[in-house]
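If you want the building blocks of each chain, they are given just below.
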Amino acid sequence: MTESAVEVRGLIKTFGRFTAVNDIGFSVERGSIFGLLGANGAGKTTTIRILCGLLAATSGTVRLAGIDVTARPEEAKKRIGYMSQRFSLYRDLTADENLEFFGGLYGSAAAATASSRKKAFGEVGLEGMEGILAGELPGGIAQRLALACAVSHDPAVLFLDEPTAGVDPSSRRMFWDLIHAAARRGTTVVITTHYLDEAEYCDRIVLMHDGRIAAEGSPGELKSGVVDGAVLEISGPGVMVLEKRFAGETWVAETALFGDAVHVQTAAGVGEAEAKERVMRLAGEEGIGKPDVEAIVPSLEDVFLRVIDRAENAVAEDHRAEGGERAEGREGRHEG
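From a predicted model like this one, the values you see are computed outputs, not experimental measurements.

Remarks on the nonpolar core
By size, the foremost hydrophobic cluster in this structure holds 45 residues, and its most contacted members are I33, L145, L160, I179, I205 and L207. With 8 residues, helix α5 (residues 139–150) is the single largest residue contributor to this core. Apart from the residues lying within four places of it in its own chain, the contact partners of L160 are M83, L147, F175, I179, V189, V190, I191 and T192. Formed by 27 residues, the second largest nonpolar core is a distinct cluster that contains A5, V6, L55 and V62.

Thoughts on the sheet that holds strand β5 (residues 67–68)
Strand order in the open sheet made by the 4 strands is β2-β1-β4-β5, with antiparallel pairing throughout. The sheet is open, and its two edges are formed by β2 (18–29) and β5, each paired on a single side. In this sheet, β5 lies alongside strand β4 (residues 59–64) in antiparallel orientation, the contact comprising 2 bridges. Residue pairing for β5: L64 is matched across the bridge by I67.

Topic: the packing of helix α3 (residues 95–106) against α5
Look at α3 against α5: their axes get within 8 Å of each other, and the N-to-C directions meet at 30 degrees. In terms of their interaxial angle, α3 and α5 are classed as roughly parallel. The two elements α3 and α5 cross, and the hand of that crossing is right-handed. For the pair α3 and α5, the contacting residues are A95, N98, L99, F102 and Y106 in the first and L145, A148, C149 and A150 in the second.

Structural notes on the packing of α3 against helix α4 (residues 114–123)
The geometry of α3 relative to α4 is characterised by a closest axis approach of 11 Å and an angle of 110 degrees between their N-to-C directions. Classed by the angle they form, the pair α3 and α4 counts as roughly perpendicular. α4 is crossed by α3, and the crossing has right-handed handedness. Along its contact with α3, which presents A95, D96, L99 and E100, the element α4 presents R117, A120 and F121. Of the residues belonging to the contact of α3 with α4, the class tally is 4 nonpolar, no polar and 3 charged.

Here we look at a nonpolar patch on the surface
Nonpolar side chains collect at one region of the surface, where Y90, F101 and L105 lie side by side and expose about 310 Å² of accessible area between them. With respect to the element layout, Y90 can be found in the loop between β6 (80–83) and α3.

Here's the deal with the sheet that holds strand β8 (residues 188–193)
Ordered by their spatial adjacency, 6 strands build an open sheet running β6-β7-β8-β3-β9-β10, and the pairing between neighbours is mixed. The outermost strands of the open sheet, each flanked by one partner alone, are β6 and β10 (212–217). When strand polarity is set aside, the average angle formed by the axes of neighbouring strands in this sheet is 15 degrees. Pairing between strand β9 (residues 204–209) and β10: 5 bridges, direction antiparallel. Bridging across to β10, M208 finds its partner in I213. Against the sheet, α5 contacts β6 and β7 (157–161), and its axis sits at roughly 160 degrees relative to β6.

The rules we used
Numbering of residues begins from 1 in every chain and follows the order in which that chain's sequence is written. Side-chain atom pairs in this predicted model are given and counted only at pLDDT of 80 or more, local residue features only at pLDDT of at least 70, and totals for whole chains, interfaces and linings cover all residues. Calculation of side-chain values draws on the structure's entire complement of heavy atoms; hydrogens and water are dropped beforehand. What we call a nonpolar core is a set of buried Ala, Val, Leu, Ile, Met, Phe, Trp, Tyr and Cys residues that are connected through their side-chain atoms within 4.5 Å. Using a 1.4 Å probe on the protein chains alone, a residue whose accessible area is under 20% of its type maximum counts as buried, one over 50% counts as exposed, and one in between counts as partly exposed. Starting at the N terminus, helices and strands are each numbered in turn, a helix being any DSSP run of H or I of at least four residues and a strand any DSSP run of E of at least two. Contact between two residues is taken to exist if any of their heavy atoms lie within 4.5 Å; hydrogens are not considered. One requirement defines pairing of two strands: DSSP has to find at least two bridges between them. To get an axis, a line is fitted to the C-alpha atoms, and for a helix only the part in contact is used. The angle between two axes follows their N-to-C directions and goes from 0 to 180 degrees. If an angle is under 35 degrees, it is roughly parallel; if it is over 145, roughly antiparallel; if it lies from 65 to 115, roughly perpendicular; otherwise it is oblique. A clockwise turn of the near helix away from the far one marks a right-handed crossing, whereas an anticlockwise turn of less than a right angle marks a left-handed crossing. Basically, the charged four are Asp, Glu, Lys and Arg, the nonpolar ten are Ala, Val, Leu, Ile, Met, Phe, Trp, Tyr, Cys and Pro, and anything else, Gly included, counts as polar. Residues enter a patch when their relative accessible area is above 30% and they make no salt bridge; the linking distance is 9 Å between like charges and 5 Å between nonpolar side chains (Val, Leu, Ile, Met, Phe, Trp, Tyr). Each accessible area is a Shrake-Rupley estimate made with a 1.4 Å probe; only the visible protein chains count as cover when residues are assessed. The rule for a salt bridge is simple: a side-chain nitrogen of Lys or Arg has to be within 4 Å of a carboxyl oxygen of Asp or Glu.

Spelled out as structure tokens, the structure:
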């Protein structure tokens, strides 16, 4: 049986009348990379802060490496590394001083020795930059230094909250290479990101919306299980005209712009051949010639759009049902 490094059950966090995290649960296997995805306000950062022991949950349980975070928060904190959205570095300290300082906070004996720190700089590709002030380091390099600080004590679980926001693609890819190296060493990684292409690197993903879990699975499972119709990529002259027409078509479940092309997800039961025929008919009605239409494997962005659409429709249905119940109650009181 695979060992779980993180166990979350019935987690709820409220701020007054606002519910930021609404009864969620999941587990994360040891040595895996687990992604928390969602739009701003979905509850990702609140969840991460609770898991790290930085924020108390309203109710629910969290266990990290077998430790109950609520009952033994200080012991749990010794087993984790944390890197926030804004790099957790002291700008007026050198790179080497930052690594020594954070290693000391985590109780890392290795960070106390210059030779160990030099090795750490080599592992993240920062040799020769030990004496540069952190505030003078470019974003991608500062990001790697922050990661070195977060793993200086060899944590069981590493939490990364939007670590690559605002970083160039090359630095992002290098950063992910470092994440995979940490996972291979046995560190469990829990990461939040709004870059859906990055989520492809995760072993499992939770999609959050409005404080709830809207979907969960590996990238492959989500692609094959969430999008229940065909996905077409449409390009060529007049594609923007077609994109507007799709909004009024019942056979279209979702559309999204991808550069100069449009991705169209069909409603359940509408297959590839039928969808292509409908696209061509619309193009003929608009007099724009024949567009290029190709069936494609859905991307995580396609999955995300479908999941959010379903979640919002479910919330709308709940509100309509609540409104109907209130109306019936008023009518009953009037009749009485």
